[in-house]
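Given next are the chains, with one letter for each unit.
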Amino acid sequence: MQTILQTYLAEAKIGRKQSYRNLAVFPLLSGYAAALDYITLDEALAADLLEVMEKNESGSVPELKVVNKSPRMVLIVDGEELVGAKQNRIVNTTMLLRGNSTTVIPVSCVEQGRWEYESRRFSSRQRIMCCNLRAMKAEQVNASVRASRGFQTDQGALWHEIANKAARMAAETPTMAMTEIYDKEQSSLSEYLKHFRLVELQVGGVFFINGRVVGLDSFGKSATFAGVFKKLLESYALDAIDWYEEKSFWKAVRSNAAKFLQAVKTASVETQGSVALGTDLRLESDKVAGFALVHDDELLHLSAFAKRNGYHSEQNSSRMQRFSTRRRYR
């Protein structure tokens, strides 16, 4: 399985940088094209081919039930948000659901103050959790998998960080819903999104904030990346707004993108069965944490983040410093 990952990364080329203010992306370009036939979460929900609901009537915070009514497989991407039912959740890892199946999936709550039905089914706001929280979640899930506890997170830690972010960005609400932070910053997010575009053969990207690598997301099909590009970019942009620093943008250089790819290539890999179809690869080193999903010897999604205590320890200066610089920007 590690060979599949290394072969995939060896074929990827780093494209020309795109940037706006303190967010930069180096596109990953490749002719790699997984032959698997699947649709994405948003496509399945829009076509009423997928039903996402509480595990049972009383509900279970870390689990949801997903009914795939389509004969086609459905790819659900790590960090995608599902809203409704008893509380909003995000998906703990990328998974591939078999056709005509019912699957219990691991999730985390991103709405601490609500536990009552507002709908019987979940829907999509077409959003992905911001990169800093996904990075923290990846390390938590890696530790959970190693301890044979499944794909679980530290729910209390996630709630704590969402609350901190909401406070910094003046987006606190009674239910402390993550979606309110995105709604509050929608105008600024839209401005960031205007300055980035897909390029030919793009399967992913290496993302920088304030000139420093924060992570990468890359897929087995360029069409899949295109389908999640907007909400993935938005997830990185939200942290760019939160962490805004002036006069640091020039530091986002191709050589650092290449170094990060090398760090991902050389990270240790542990494999186990995925939530549904395929094999889950957990990536870990002193510099990076992440995962990949492989099925039928094809890579479907690779996600890796720079660790706080490794590749970019200086990224996470005090919360007060980030808050004050963001206030000057705004």
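The coordinates are above.
Each value, and the rule that gives it
Residue numbers here run from 1 along each chain, matching the order of that chain's written sequence. Confidence filtering applies because this is a predicted model: local features only for residues at pLDDT of at least 70, side-chain atom pairs given and counted only at 80 or more, and all residues used for totals across whole chains, interfaces and linings. Side-chain metrics rest on all non-hydrogen atoms present in the structure, leaving aside hydrogens and water. A run of DSSP states H or I qualifies as a helix once it reaches four residues; a run of E qualifies as a strand once it reaches two. Both are numbered from the N-terminal end. Based on C-alpha atoms, the radius of gyration is set beside the globule rule, defined as 2.2 Å times the residue count to the power 0.38. Remark: exposure states derive from per-residue accessible area (1.4 Å probe, protein chains only) relative to the maximum for the residue type, with buried under 20%, exposed over 50%, and partly exposed in between. Between two residues, a contact is recorded if the distance between any of their heavy atoms is within 4.5 Å. Every accessible area reported is derived by Shrake-Rupley at a probe size of 1.4 Å, with residue values counting cover from the shown protein chains alone. Just so you know, the count uses Lys and Arg for positive and Asp and Glu for negative, and it drops His and the chain ends. Lys charges are placed at NZ, Arg charges at CZ, Asp charges at CG and Glu charges at CD. By convention a nonpolar core is built from buried Ala, Val, Leu, Ile, Met, Phe, Trp, Tyr and Cys residues, the set being connected through side-chain atoms within 4.5 Å. Paired strands, as defined in this entry, are two strands with at least two bridges between them according to DSSP. An axis is simply a line fitted to the C-alpha atoms; with a helix, the fit covers only the stretch in contact. Between two such axes, the angle follows the N-to-C directions and lies from 0 to 180 degrees. By arc we mean the arc of the directions from the helix axis to the C-beta atoms, nothing more. What a helix is expected to span follows from its residue count: subtract one and scale by 1.5 Å. Definition of a polar contact: a pair of N or O atoms within 3.5 Å, with one able to donate and the other able to accept a hydrogen when the atoms are protein atoms, and with sequence-neighbouring residues admitted only if both atoms are side-chain atoms. Crossings are classed by handedness, with left-handed meaning an anticlockwise turn of the near helix from the far one by less than a right angle and right-handed meaning a clockwise turn. For this scheme, ten residues count as nonpolar: Ala, Val, Leu, Ile, Met, Phe, Trp, Tyr, Cys and Pro. Four count as charged, namely Asp, Glu, Lys and Arg, and the remainder, Gly too, count as polar. One side-chain nitrogen of Lys or Arg within 4 Å of one carboxyl oxygen of Asp or Glu is enough to make a salt bridge. For Phe, Tyr and Trp, where Trp contributes only its six-membered ring, two rings pair if their centres lie within 6.5 Å, and the inter-plane angle classes them as stacked under 30 degrees, edge-to-face over 60, or tilted in between. Criterion for a charge above a ring: Arg CZ or Lys NZ at most 6 Å from the ring centre, at most 35 degrees from the ring normal.

(A) Main features of the overall build of the protein. Helix and strand counts for the protein stand at nine helices and 18 strands. Over its C-alpha atoms the protein spans a radius of gyration of 19 Å, differing by no more than 12% from the 20 Å that the globule rule assigns to 330 residues. Along the three orthogonal principal directions, the C-alpha set of the protein runs to about 50 × 45 × 40 Å. When the 330 residues of the protein are sorted by exposure, 59% land in the buried category. Residue pairs at least 24 apart in sequence account for 68% of intrachain contacts in the protein once pairs closer than 6 positions are excluded. Carbon and sulfur atoms make up 49% of the accessible area of the protein, which amounts to about 12,800 Å² in all. The averaged location of the 38 negative side-chain charges in the protein is 5 Å from the averaged location of its 44 positive side-chain charges.

(B) Local environment of the nonpolar core. Membership of the largest hydrophobic core comes to 83 residues, with the highest contact counts inside it found for Leu 23, Leu 96, Val 206, Phe 260, Val 264 and Leu 302. Of the residues forming this core, the biggest block, 10 residues, is contributed by helix α7 (residues 222-242). Ignoring anything within four residues of it in the chain, the contact list for Val 264 reads Leu 9, Leu 216, Leu 283, Val 288, Leu 302 and Ala 304.

(C) Structural detail: the sheet that holds strand β12 (residues 122-128). Here six strands make up an open sheet; going across it, the order is β5-β6-β11-β9-β8-β12 and the pairing antiparallel. In this open sheet, the two strands that pair with only one neighbour each are β5 (50-54) and β12. With direction set aside, neighbouring strand axes in the sheet form an average angle of 35°. Most of the contacts of α7 go to β12, to which it runs at about 60°, and overall it touches β8 (80-84) and β12.

(D) A look at helix α6 (residues 186-193). Among the residues of α6, Ser 188, Leu 189, Tyr 192 and Leu 193 are the ones counted as buried. Taken down its axis, α6 places every buried residue within 140° of arc, on the same side.

(E) Representation of helix α4 (residues 155-168). The end-to-end C-alpha distance of α4, which contains 14 residues, comes to 20 Å, matching closely the 20 Å that a straight helix rising 1.5 Å per residue would cover. For α4, the complete set of buried residues consists of Gln 155, Leu 158, Glu 161, Ile 162, Asn 164, Lys 165, Ala 166 and Arg 168. Capping the start of α4, Asp 154 holds a side-chain oxygen 3.3 Å from the backbone nitrogen of Gly 156, two or three residues further along. Directly after α4, the chain includes Ala 170, whose backbone phi takes a positive value near 55°.

(F) Region of interest: the packing of α6 against α7. Their axes nearest at 9 Å, the elements α6 and α7 cross at an angle of 115°. The interaxial crossing formed by α6 with α7 has right-handed handedness. Contacts between α6 and α7 involve Gln 186, Ser 188, Leu 189, Tyr 192 and Leu 193 on the former and, on the latter, Lys 230, Leu 233, Glu 234, Ala 237, Leu 238, Ala 240 and Ile 241. Among the residues forming the contact of α6 with α7, the class breakdown is eight nonpolar, two polar and two charged.

(G) Representation of the pattern of salt bridges. For the structure on display, the rule yields 25 salt bridges. The partner of Arg 72 in a salt bridge is Asp 37, and the shortest N-O contact between them spans 2.7 Å. Here Asp 37 lies in the loop between β3 (23-29) and β4 (38-40) and Arg 72 lies in the loop between β6 (63-68) and β7 (73-76), a separation of 35 residues in the sequence. For Arg 72, a relative accessible area of 35% corresponds to the partly exposed category. The residue Asp 239 makes a salt bridge to Lys 165 at a minimum N-O spacing of 2.5 Å. Remark: Lys 165 occurs in helix α4 and Asp 239 occurs in helix α7; sequence separation between them is 74 residues. The residues Asp 239 and Lys 165 share a single accessibility class, namely buried. One network of salt bridges, in which partners are shared, links Asp 48, Glu 51, Lys 69 and Arg 121.

(H) The packing of aromatic side chains, seen in detail. Enumeration according to the criterion identifies six aromatic pairs in this entry. Consider the rings of Phe 207 and Tyr 236, whose centres lie 3.8 Å apart with planes at 5°: the pair is stacked. Of this pair, Phe 207 sits in strand β13 (residues 202-209) while Tyr 236 sits in helix α7; the two residues are 29 residues apart in sequence, bridging distant segments of the chain. Among the residues examined, Phe 207 registers a relative accessible area of 1% and is labelled buried. Taking the relative accessible area as the measure of exposure, Tyr 236 reaches 0% and is therefore buried. One aromatic cluster in this structure is built from Phe 219, Phe 225 and Phe 229. One cation-aromatic arrangement involves Arg 120 over Tyr 117; the distance from NZ or CZ to the ring centre is 3.9 Å. Over the aromatic face of Tyr 38 sits the side chain of Lys 221, whose NZ or CZ is 4.4 Å from the ring centroid.

(I) Representation of the sheet that holds β4 in the model. Taken in spatial order, the three strands of this open sheet run β4-β7-β10, and their pairing is mixed. The open sheet terminates on both sides in strands that have one partner only, identified here as β4 and β10 (95-97). The sheet shows a mean angle of 30° between the axes of neighbouring strands, taken without regard to direction.

(J) Structural detail: the side chain of Asp 78. Tracing the chain through its elements places Asp 78 in the loop between β7 and β8. Not counting residues up to four positions away in its chain, the partners in contact with Asp 78 are Val 91, Asn 92, Thr 93, Thr 94, Ile 128, Arg 134, Lys 137 and Phe 291.

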